[in-house]
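Examining the three-dimensional arrangement
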Amino acid sequence: MPCKACGSVNQRKFTGEMGIHFPGLKNINKPVLRVFPELVVCLDCGTAEFTVSEAELRQLAEGGAAAG
């Protein structure tokens, strides 16, 4: 599938690690949600895409109550 930003097919998959913080001061004490997505990076323009797993997506939707 071509890059959505530049149309290039020069893309590669990588494994990533990311910490997602919940926004706002009211969430300052909530733990960071760590996700480990597969990244698809365009090697021409640098655009990257990833998908969050169902379990991680559920934690995000619940406001991180199960994170930690």
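Notes on the structure follow. (Residues numbered from 1 in each chain as written. Predicted model: local features only at pLDDT ≥ 70, side-chain atom pairs only at ≥ 80, totals over all residues. Heavy atoms only, no water.)

**Brief notes about the pattern of salt bridges**
- By the definition in use, this model includes two salt bridges.
- Salt-bridge contacts for Glu49 lead to Lys4; the nearest nitrogen and oxygen are separated by 3.8 Å. You can see Glu49 sitting in strand 5 (residues 48-50) and its partner Lys4 sitting in the segment before strand 1 (11-15), a full 45 residues away along the chain.
- What makes Glu49 partly exposed here is its relative accessible area of 35%.
- In this structure, Lys13 engages Glu38 in a salt bridge whose closest nitrogen and oxygen atoms are separated by 3.8 Å. (Salt bridge = Lys/Arg side-chain N within 4 Å of Asp/Glu carboxyl O. Helix = DSSP H or I, 4+ residues; strand = E, 2+ residues; numbered from the N terminus. Buried < 20%, exposed > 50% of the residue type's maximum accessible area, 1.4 Å probe, protein only.)

**Thoughts on the packing of aromatic side chains**
- Scanning all chains against the criterion turns up zero aromatic pairs.
- Across the ring face of Phe22, the terminal group of Lys30 is positioned such that the distance to the ring centre comes to 5.5 Å. (Phe/Tyr/Trp six-rings, centres within 6.5 Å; stacked < 30°, edge-to-face > 60°. Lys NZ or Arg CZ within 6 Å of the ring centre and 35° of its normal.)

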